[in-house]
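# Working through the structure, step by step
Each chain, written out:
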Amino acid sequence: MITILGGSGFIGSNLVTHLARSGTPFQAPARDEPLTGKPLGHVIDCIGLTADFRDRPFETVEAHVGRLLATLTRCTFDSYLYLSSARLYLRSSAPAREEDALGFEPSEPEDIYGLSKATGEALVLSLGPKGRVARLSAVYGPGQKDTFLALIIEEARSAGVIRLRTALDSEKDYVSVDDVTDLLVKIALGGRHRLYNIASGGQVSHKAIVEALAGATGCRVEVAPGAPSVRFPAIDTSRIRDEFGFAPRDVFEALPALARRA
């Protein structure tokens, strides 16, 4: 039995679809459904805030730590897989590996996300062999909302112009939600390690993304004056490649279909 927490979100809902298609026994309890005392089997915790974490620091910590702590102390389970973020590598050197030391600055509002996720990771890893963590890069796919890619696709379609607030040479690592859901199930049910990067392993510039969208939609691209360059370090994916034979899908092959669906 797999229990999905946060099953109504982007990753959680895709995970529900994946498990239903595969015939794997699972449950996806509603947000307010009492879980105390219930056997949850193998938990995949998809709860979290994304784009609005800067404006909702208290809610961010509650989502990443408060609810997690309540589940860990009140419920029974066979294993617990906590979804974290490759955003924790913002100040790391490339390639970012699972064992790398992480750097945070509590006075920086941007770091509330990473600090709260890192606290959640520490709680789950304190469980010993029962606890695992997956650090996800920028996940894309049908149904995505409030992500950089989702927002610029919507701009391209509805306004005919993409307005970037970060420089064209900014970079992200994009990984397909289909790849993510497949890996999460494999890790939850039998991962040999306690910490995994889930990413494509390749950096993609904003310039390449908006050029592909312009070709698909005919939109224009504008960049705000003085837009900063934001580059996350390249992410090492040797662990998922060696253990699961992982080969990532290509974000550029998915962009035309994503643009049509938006």
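Now for a look at the structure at hand. (Residues numbered from 1 in each chain as written. Predicted model: local features only at pLDDT ≥ 70, side-chain atom pairs only at ≥ 80, totals over all residues. Heavy atoms only, no water.)

### Quick notes on the overall build of the protein chain
Broken down by element type, the protein chain carries eight helices and twelve strands. In terms of overall size, the protein chain behaves like a compact globule, its C-alpha atoms giving a radius of gyration of 18 Å where 262 residues would be expected to give roughly 18 Å. By principal-axis analysis of the C-alpha atoms, the protein chain measures approximately 55 × 45 × 40 Å. Residues classed as buried in the protein chain amount to 44% of the 262 residues present. In the protein chain, the share of contacts with a sequence separation of at least 24, taken over all contacts with a separation of at least 6, comes to 82%. Here the protein chain has roughly 12400 Å² of accessible surface; of this, 52% comes from carbon and sulfur atoms. Taking the average location of the 30 positive side-chain charges in the protein chain and that of its 32 negative ones, the two points are 3 Å from each other. (Helix = DSSP H or I, 4+ residues; strand = E, 2+ residues; numbered from the N terminus. Rg over C-alpha atoms; globule rule 2.2 N^0.38 Å. Buried < 20%, exposed > 50% of the residue type's maximum accessible area, 1.4 Å probe, protein only. Contact = heavy atoms within 4.5 Å. Areas by Shrake-Rupley, 256 points an atom, 1.4 Å probe, with all protein chains shown as cover. Lys, Arg positive; Asp, Glu negative; His and termini not counted. Charge placed at Lys NZ, Arg CZ, Asp CG, Glu CD.)

### Some remarks on the nonpolar core
Judged by nonpolar contacts, the single largest core of 26 residues is most densely connected at Ile11, Ile44 and Leu184. Residue assignment for this core shows that the elements contributing at least two residues are strand 1 (2-5), helix 1 (10-22), strand 4 (79-85), strand 5 (131-136), helix 5 (177-190), strand 10 (195-198) and helix 7 (238-244). For Leu184, the residues in contact, after removing those within four places along its chain, are Ile11, Ile44, Leu81, Leu83, Ala134 and Ile198. Among the nonpolar cores identified, the runner-up in size contains 17 residues, and Tyr140, Ala156, Ile162 and Val251 belong to it. (Core = buried A, V, L, I, M, F, W, Y, C linked by side-chain atoms within 4.5 Å.)

### Considerations on the side chain of Glu243
You can see Glu243 is positioned in helix 7. Salt bridges are absent for the buried Glu243, whose nearest opposite-charge side chain, Arg192, sits at 4.4 Å. Within the structure, the side chain of Glu243 is placed 2.8 Å from the backbone nitrogen of Arg192, a separation counted as a polar contact. (Salt bridge = Lys/Arg side-chain N within 4 Å of Asp/Glu carboxyl O. Polar contact = N/O pair within 3.5 Å; in protein donor to acceptor, adjacent residues only side chain to side chain.)

### Description of helix 6 (residues 206-217)
When the terminal C-alpha atoms of helix 6 are compared, their 16 Å separation across twelve residues agrees well with the 16 Å that a helix rising 1.5 Å per residue should span. Turning to helix 6, its buried residues number three or more, namely His206, Ile209, Val210 and Leu213. Taken end-on, helix 6 shows its buried residues confined to a sector of 90°, consistent with a single buried face. Immediately beyond the C-terminal end of helix 6, within one or two residues, lies Gly218, with a positive phi of roughly 80°. (Expected span 1.5 Å × (residues − 1). Arc of directions from axis to C-beta.)

### Some words on the packing of helix 4 (residues 148-158) against helix 8 (residues 251-261)
In contact at an axis separation of 10 Å, helix 4 and helix 8 are set at 50° when each is read in the N-to-C sense. Considering their axes alone, helix 4 and helix 8 lie oblique with respect to each other. Taken as a pair, helix 4 and helix 8 cross one another with a handedness that is right-handed. Between helix 4, through Leu149, Ile153 and Arg157, and helix 8, the contact on the second element is made entirely by Val251, Leu255, Leu258, Ala259 and Arg260. The class makeup of the residues in the contact of helix 4 with helix 8 is six nonpolar, no polar and two charged. (Axes fitted to C-alpha atoms, helices over the stretch in contact; angles between N-to-C directions. Parallel < 35°, antiparallel > 145°, perpendicular 65-115°, else oblique. Left-handed = near helix turned anticlockwise from the far one by under 90°. Nonpolar A, V, L, I, M, F, W, Y, C, P; charged D, E, K, R; others polar.)

### Some remarks on the pattern of salt bridges
Across all of its chains, the model carries eleven salt bridges by this definition. For Lys38, the salt bridge identified is with Glu33, shortest N-O distance 3.4 Å. Using a relative accessible area of 36% as the deciding quantity, one classes Lys38 as partly exposed. For Glu33, a relative accessible area of 33% gives the class partly exposed.

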